[in-house]
Each structure stands twice: as structure tokens, then as C-alpha cells.
Amino acid sequence: MKTKITLILVALFMSVNLGFAQQDEECMTNLTIFTDYYKSKKYDEAYEPWMKVRNKCPKFNRAIYAYGEKILKHKIDNSTGAEQKAYIEDLMLLWDKALEYFPSHYDLGEVLSDKGLLMYDNKKALGVTDKQLFDAFDKAYKQDLENFTSAKGLYVYFTSIVDMYKAGQAPIQDVFNKYDDISDKIEKEVGNFTEKLNKLVTKEESGQKLSSKEEKYKKYYEDSLEAYDKISGSIDTYLGQLANCENLIPLYKKDFETYKNDAVWLKRAVNRMYNKECTDDPLYIELVKAYDATDPSADTKYFVATILFNQGKDNEAMDYLKQAFDLQTDTYKKGKLAEKIGSILKKKGRYGEARGYYRESLKLNPSNGRPHLAIAAMYAASANNCGDTNFNKRAMFWYAAQEALKAGKVDANLKSAANQTYESYMAKAPSRSEIFSCSCSGEVIKFNCWTGGSVTVPSL
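A brief structural summary. (Residues numbered from 1 in each chain as written. Predicted model: local features only at pLDDT ≥ 70, side-chain atom pairs only at ≥ 80, totals over all residues. Heavy atoms only, no water.)

Quick word on the overall build of the protein
Move 1: Check the secondary structure of the protein and you find 22 helices and two strands.
Move 2: On the principal axes, the C-alpha backbone points of the protein span a range of 85 × 65 × 40 Å.
Move 3: A total of 460 residues make up the protein; the buried ones form 47% of that total.
Move 4: Across the protein, contacts joining residues at least 24 apart in sequence account for 61% of those joining residues at least 6 apart.
Move 5: Accessible surface computed for the protein: about 23,600 Å², of which carbon and sulfur atoms make up 49%.
Move 6: Charge centroids of the protein, computed over 66 positive and 65 negative side chains, lie 3 Å from each other. (Helix = DSSP H or I, 4+ residues; strand = E, 2+ residues; numbered from the N terminus. Buried < 20%, exposed > 50% of the residue type's maximum accessible area, 1.4 Å probe, protein only. Contact = heavy atoms within 4.5 Å. Areas by Shrake-Rupley, 256 points an atom, 1.4 Å probe, with all protein chains shown as cover. Lys, Arg positive; Asp, Glu negative; His and termini not counted. Charge placed at Lys NZ, Arg CZ, Asp CG, Glu CD.)

Structural notes on the state of the cysteines
Move 1: In the structure shown here, the tally under the stated rule is four disulfides.
Move 2: A sulfur-sulfur separation of 1.9 Å characterises the disulfide bridge that pairs C27 with C57. Disulfide C27-C57: torsion about the S-S bond near 75°, hence right-handed. Placement of the pair is C27 in helix α1 (residues 25-39) and C57 in the loop between α2 (43-56) and α3 (63-77), with a sequence separation of 30 residues. Summarising the burial analysis for this pair, C27 and C57 share the class buried.
Move 3: Between the sulfur atoms of C386 and its disulfide partner C449 the distance amounts to 2.0 Å. Judged by the sign of its S-S torsion, about 100°, the cystine formed by C386 and C449 is right-handed. Within this pair, whereas C386 is found in the loop between α18 (370-381) and α19 (390-394), its partner C449 is found in the loop between β1 (444-446) and β2 (454-456), the two being separated by 63 residues in sequence.
Move 4: Taking relative accessible area as the criterion, C386 reaches 4% and is therefore assigned buried.
Move 5: Within the protein, bonded cysteines paired by disulfides and numbered along the sequence follow the pattern 1-2, 3-4, 5-8, 6-7. (Disulfide = S-S within 2.5 Å.)

As for the packing of α1 against α3
The geometry of a pair of packed helices is captured by two quantities: the angle between their axes and the separation between those axes.
Move 1: Where α1 meets α3, the axes come as close as 11 Å, and the angle between the chain directions of the two elements is 45°. By the criterion of interaxial angle, the relationship of α1 to α3 is oblique. The chirality of how α1 crosses α3 is left-handed. Counting all contacts with α1, which are made through L31, F34, T35, Y38 and K39, the residues of α3 involved are A63, I64, Y67, K70 and I71.
Move 2: Here the contact of α1 with α3 is built from residues that sort into seven nonpolar, one polar and two charged. (Axes fitted to C-alpha atoms, helices over the stretch in contact; angles between N-to-C directions. Parallel < 35°, antiparallel > 145°, perpendicular 65-115°, else oblique. Left-handed = near helix turned anticlockwise from the far one by under 90°. Nonpolar A, V, L, I, M, F, W, Y, C, P; charged D, E, K, R; others polar.)

What follows is the structure, encoded as C-alpha cells:
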């Protein structure tokens, strides 16, 4: 069982169950023996004394389960055939017993997810079908969704239903429903981790130093967000052409009358039509109108705005975008919405307004570096319009480079992209020889265009 993040290493050997009036001497002896072998990574030698403690005193010490997992995984990796299958099944049993005897240390959703992943990793050895895999993860989803947080588990959960559809074992609507379920789950987990990470990023940006404990948490949050980001893309890739307009439009047309007052169905239909760029079809407009009439919200106002933009009604569309932003109360979602609005305005060349929303996004979600890169791109695109000389125009690239660098400072997953963008803009800025020729090292160049601001010419 993968243990949750912990910053204090507990000596499991010392955590003897105090509920026992008297410790069993034989179990204590074997516990000491298998623990010593375990710590020396002699898992084969640890197996026999470990099994003796496990069978005779299953509640004696949590080390039976925490160390036993590694012992059995070693056995699985070094066996084949019926023997390997027996060890796999025994590991699943061990997790069940760990949950039964030490419930405060194990969560049902995590146990069920890990059992599903063990089945997936040993699919051939166990002879597991796609349906059995799906059912294993579906159990985790239905019985303890809160603790079903494994990124890989969510990915396998989805791919198994796609594989069932391809084998004629599930309808395409089930695939789309599960895609939405898992996407909602990922968004929730990303929101939770982002909120926690934002607090630490804000503390750093204020000039305060993080404690060693906070540094470890920050790394954990960043790694978790990276994992969810990767599986989001992988899930979209695996869905592939199944969710194209040719499949979506007839499916939603067929079901529209049945679900036209169902806010959840409408939201998912509108989201998918929008993401797959099926917005030119009249059905999209019908779906958006029905969604807005059934459950008006920040989401519905945003989608109405996209329709109005497509119809060339930009001013009216902007009114709806402002309504959407004002209606959103969730901090994380409001930050995402601000970024979306900024991107719409950026595409339309309304850079000043776009930057305003990007900055709102940064205030609400400071650990997301994408708005910094977007602002930098707008600065770079404006270079020819923000200076009276060629030198001053190209000085804008220094300004853009500074903005791009901020992305990597607040968002570890964008560090490489931020550095590459920074180098690209610096290469377009005035060279050292040009600075030498103009004798303007150290001078301040002000930008009298939408960007405002200024840069200081680098010293040679």
C-alpha cells in the first residue's frame, strides 16, 4: 500500500499494539527477526518469520502490513506462473487485512485503487479482462471516491471502459459519462492541490522562507499536479476520435429532448461540444440556451459569450464574460475563468483587457505560471508598436523576457518552458555591441503604449 505523504518517519517496529495485555513472546521474536531482515533488504529471509507473525498475531504490529507489502512485491517480481499468481492474490488479501486491523492508517478508496493497479500491472499473469479491471476501479469510485486519488488508477479506470467499448462490451455514452466523471474528479483534486500550493507560493513571493516541512509539501503538491496534468492529456489522447463532432452531434441530438432540463447533462454536453470545436452546429446554441435557462451560472454565461463572439457581437459577449467572472465564487475556478477570458481577449488583440484578466488570474491562482507566459507573448507581439527607434522597440523583448521568467519561478512545471522563452526573447533584444554603440547602458526606457512600464538597459 502506498503510504500517504508523511514528514515524520515512524519506527513501525516500536508501534506495538497496546491493546494486548501481554505480548506474545514468539511473535515478538519473529517480528524482530523479520524486521532486521527487512531493513537489510533480505526479503526472502524475512518471508518465513514474517508469515509466522502474520498468521499467529495479525493485529500485533502494523509493520506486518507496511513491511509485508514490500516482502510480497519482492516475491511477485521474482516468481512466475501459479506461484506468482498466489503471491499477487496474497498481497491483495494483505491489504484487505491491513484495512480491517489498522483502519486509521488505510483508506478504502486507496486500498481498492491499489488492488486495481496490481491487477492491471499483472493482467496477463492473472488473466484479467477489461471488464474486471473496470469493475475493480468502479468499486473504488463508488465506495470511496474521496480517497480514490491515484492518477494512474484514474487513467486505467478510463482506458478500461474505452477498451470495453471497442470490444462491443459498452455503449459509447458510457465512455463519455466516465470521461466526465473522471475529468470532474481530476479537476477537484487539481483544485485542492493548487489551493494548498498557492499558500506556499504566496508566502515565498512575500519574501518569507519556507520551512523544510513546507518545502517537502511544496514538492509533493507540484509532483501531484504534474501527474494529474499528464493523465489529463493521456485520457484525451486515449479517447481520441471517439469524441469528435461526427459522433457527438447525433448522440446529443438523440438525447436532447430527454435531458434538456438536466443541468449536469447539459453542462457536460456543452463542455464537450466546446472543447471539440463543434460550436458551429446549431445544436451547440440550443444546448447553451437550455443550460443557461436550466441553471444560470458563471459557466452558462461564459458559454453564451462564446456564441456571441462567434456571431461577431463582441461587446455583448464581453458583458456576459464580466457576468461570468462576477458570478464565480470559487477561488480556483475564478482564477481559471480569468485565464480563459484573458486568452479570448488575447486572440482578439485586446491586449490591455487581456492582461487585466491574466493578472486577476495570477492573484487568484499564483502558482499557475501560464498567464505570465501569455502576458510576455503579448509584450513581444507589441514590440514594433511600442518605441520610437529600432533600439527602443526591441527593448520590449527585455520586458517580455522578464515577464516570461516569472512563470518558472511560481510554477515548477513551467521552468523549462519559461527559460526557453526567456532565452528566445533575449536573443531578439538589442545586443551587447548595440548597447555599446549607443552608449546607453543603464538608461531607463519607458514604453508609451498599452504595456506601460519600463526597462533599464543592461550594463555591459
